[in-house]
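Chain by chain, the residues run as shown.
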Amino acid sequence: MEAATSMNSKTVARSLTLFGEIRSKSSWTQFAGPVVALIVLSVGFQLVSGSFFTIDNLKSVIEAAAVPAILAAAISFVVIMGSIDLSLEGTMATTSMIVALLVANGVNGNDYGMVGLLAALAVGLAFGLFNAVLNAVLQMPSLIVTLGTWFVGLGIAAVLFPARVPQINDPLILNLARLRLFDLSLVVYIALAVIVVSQLVLNFTRLGRMIYAIGGDEGLLVASGLRIRWVKIAAFSICGLLAGMCGVLLSAQLSTGNANIGSGLLFPAISAAVLGGTVLTGGRGGAVQSALGALILEVLNNGLIQIGAGPYTRHIISGAVIVIAVAAGGWHRRRKLRVVK
């Protein structure tokens, strides 16, 4: 019995080591596609419009991509495991209302400052933890679980919404969007910090290695007797925490709390992750790759506006670019598949 357990442990250790080596060898090559796409799109829009590379426009692109990049990095923790988190919009809606109603605002007498901010982040963490318990402990599919919590979050935000829009007056929150360094808001620097820390966690911690290993071959880990629940709980919790942070940052940018503040951001975040090379089947990708995907989508949207494309045309072109990018990026893997579901 002990010999069998030892053999399983050694097998898993070798598998994790081999998987880590494969990932480290391919990690830099995964950046090539998104970077090339980003350069080609930028140069193309500059040639057509003649104004894409202006300082003001580049700043506009970076500012607009900051929060979507955090969302893309957040969902990467879950997608790399081969799971999904659809609750981001509901989480952002609830955290937006929580922070708006707890800090100094125009509808009640609350003025909890930092406590209100931390409470909003704690709510985001709680959403992620709830998803994790349902998925990892109760063995419920992440798709169904997070779809349900998406609507729960939207419902809570709607219930919390007062008679009129809560205007945020707290300088602590407002300065997140108003204070600028090198003419970029703090939101941009927060996004950069989140993306870098997320990538470091994924690449250089046991948690990160286990997240990749679960996406690579969860069955092997389970068969060997390794406890992976804590990994899933941590990944979903991080995703929820970062989604809550996005709710706070969007509220700072709008200076209000809004139950619809995250509307329309979920599927672009998933698309950005896939576009950047984070594979939905798990085991590959990263926070930086996903953030690059978010930047590509924003460059595409900005460039199409500059050349006069209408909203429906932008949707069509953006969708086509995502499909083509996914098809090209995963071609060498799909040739090996015998079954596609």
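Please read these numbers as outputs of a predicted model, since none were measured by experiment. (Residues numbered from 1 in each chain as written. Predicted model: local features only at pLDDT ≥ 70, side-chain atom pairs only at ≥ 80, totals over all residues. Heavy atoms only, no water.)

Q: Outline the packing of helix α5 (residues 114–137) against helix α6 (residues 142–160), supporting the account with residue identities and numerical values.
A: Closest axis-to-axis distance for the α5/α6 pair is 10 Å, and the angle between their directions is 150 degrees. By the criterion of interaxial angle, the relationship of α5 to α6 is roughly antiparallel. The two elements α5 and α6 cross, and the hand of that crossing is right-handed. Contact with α5, carried on its side by Phe 127, Phe 130, Asn 131, Leu 134 and Asn 135, involves Ser 142, Val 145, Thr 146, Thr 149, Gly 153 and Ile 156 of α6 and no other residues of that element. The class makeup of the residues in the contact of α5 with α6 is 5 nonpolar, 6 polar and no charged. (Axes fitted to C-alpha atoms, helices over the stretch in contact; angles between N-to-C directions. Helix = DSSP H or I, 4+ residues; strand = E, 2+ residues; numbered from the N terminus. Parallel < 35°, antiparallel > 145°, perpendicular 65-115°, else oblique. Left-handed = near helix turned anticlockwise from the far one by under 90°. Contact = heavy atoms within 4.5 Å. Nonpolar A, V, L, I, M, F, W, Y, C, P; charged D, E, K, R; others polar.)

Q: So, the layout of surface pockets: which residues are in play, and what are the values?
A: Volume-wise, the second largest pocket comes out at about 410 Å³. Lining the second largest pocket are 18 residues; nearest its centre among them are Pro 268, Leu 297, Asn 301, His 315 and Ser 318. Among the secondary structure elements, those contributing two or more residues to the lining of the second largest pocket are α11 (266–276), α12 (287–306) and α13 (311–329). The element contributing the most residues to the lining of the second largest pocket is α13, with 6 residues. (1 Å grid on protein atoms, 1.4 Å probe; cavity = no way out; pocket = protein on both sides within 12 Å on 5 of 7 lines; lining within 4 Å. Points joined across faces, edges and corners; volume = space filled by probe spheres on them.)

Q: Kindly report on the environment of Gln 199, identifying the contributing residues and their values.
A: With respect to the helices and strands, the residue Gln 199 is situated in helix α8 (residues 186–204). Exposure remark for Gln 199: the relative accessible area of 10% places this residue in the buried category. Spatially, the C-alpha atom of Gln 199 lies 5.2 Å from that of Ala 287, the residues being 88 residues apart in sequence. If sequence neighbours within four positions are ignored, Gln 199 has contacts with Gly 286, Ala 287, Val 288 and Gln 289. (Buried < 20%, exposed > 50% of the residue type's maximum accessible area, 1.4 Å probe, protein only.)

Q: Describe the nonpolar core, and please don't skip the residues or the numbers.
A: One finds Leu 88, Ile 173, Ile 211 and Val 248 to be the most contacted residues of the largest nonpolar core, which totals 84 residues. Not counting the four nearest positions on each side in its chain, Leu 88 is found in contact with Leu 71, Ile 75, Cys 239, Ala 243 and Leu 266. Ala 93, Met 97, Leu 101 and Ala 259 belong to the second-largest nonpolar core, a separate cluster that totals 5 residues. (Core = buried A, V, L, I, M, F, W, Y, C linked by side-chain atoms within 4.5 Å.)

Q: Give me the lowdown on the side chain of Ser 318, citing residues and values where you can.
A: Considering the arrangement of structural elements, one finds Ser 318 in helix α13. A distance of 2.8 Å separates the side chain of Ser 318 from the backbone oxygen of Arg 314, its partner in a polar contact. Ignoring any residue separated from it by four or fewer positions in sequence, one finds Ser 318 in contact with Leu 300 and Leu 304. (Polar contact = N/O pair within 3.5 Å; in protein donor to acceptor, adjacent residues only side chain to side chain.)

Q: Tell me about the confidence of the model for the chain, and please be specific about residues and values.
A: Chain-level pLDDT for the chain is 88 on average; 86% of the residues reach the 70-or-more range. Scored below 50 in pLDDT, residues 1–7 shows 0 contacts in the model against residues more than four places distant or in partner chains. (pLDDT = per-residue confidence, 0-100.)

Q: Which residues make up the side chain of Asp 170, and what are the values?
A: Secondary-structure assignment places Asp 170 in the loop between α6 and α7 (171–178). No salt bridge is formed by the buried Asp 170; the nearest opposite charge belongs to Arg 178, separated by 9.9 Å. Within polar-contact distance, the side chain of Asp 170 engages the backbone nitrogen of Leu 172 at 2.8 Å. Not counting residues within four places of it along the chain, the set of residues in contact with Asp 170 comprises Val 103, Ala 104, Asp 111 and Gly 113. (Lys, Arg positive; Asp, Glu negative; His and termini not counted. Salt bridge = Lys/Arg side-chain N within 4 Å of Asp/Glu carboxyl O.)

Q: Which residues make up α12, and what values do they have?
A: Here α12 contains 20 residues, and its C-alpha end-to-end distance of 29 Å stays within 8% of the 28 Å for a straight helix at 1.5 Å per residue. In terms of residue burial, α12 counts as a mostly covered element, since 15 of its 20 residues are buried. Gly 308 sits one or two residues past α12 and shows a positive phi near 90 degrees. (Expected span 1.5 Å × (residues − 1).)

Q: Can you tell me about the pattern of salt bridges, naming the residues and giving the values?
A: If you walk through the whole model with that rule in mind, you get 4 salt bridges. Residue Asp 183 is joined to Arg 180 by a salt bridge in which the shortest nitrogen-to-oxygen separation is 3.3 Å. A salt bridge links Lys 232 to Glu 218, with the shortest nitrogen-to-oxygen separation between them at 2.8 Å. Residue Lys 232 is located in helix α10 (residues 229–254), and its partner Glu 218 is located in helix α9 (residues 206–223); the two are separated by 14 residues in the primary sequence. Exposure remark for Glu 218: the relative accessible area of 28% places this residue in the partly exposed category.

Q: Explain helix α2 (residues 32–49) to me, using residue names and the numbers behind them.
A: Note: α-helices contain 3.6 residues per turn, so residues at a spacing of three or four share the same orientation. Here α2 contains 18 residues, and its C-alpha end-to-end distance of 26 Å stays within 8% of the 26 Å for a straight helix at 1.5 Å per residue. Taken residue by residue, α2 has Pro 34, Leu 38, Leu 41, Ser 42 and Phe 45 as its buried positions. Taken down its axis, α2 places every buried residue within 95 degrees of arc, on the same side. Away from its buried face by more than 90 degrees, α2 exposes Ile 39, Val 40 and Leu 47. (Arc of directions from axis to C-beta.)

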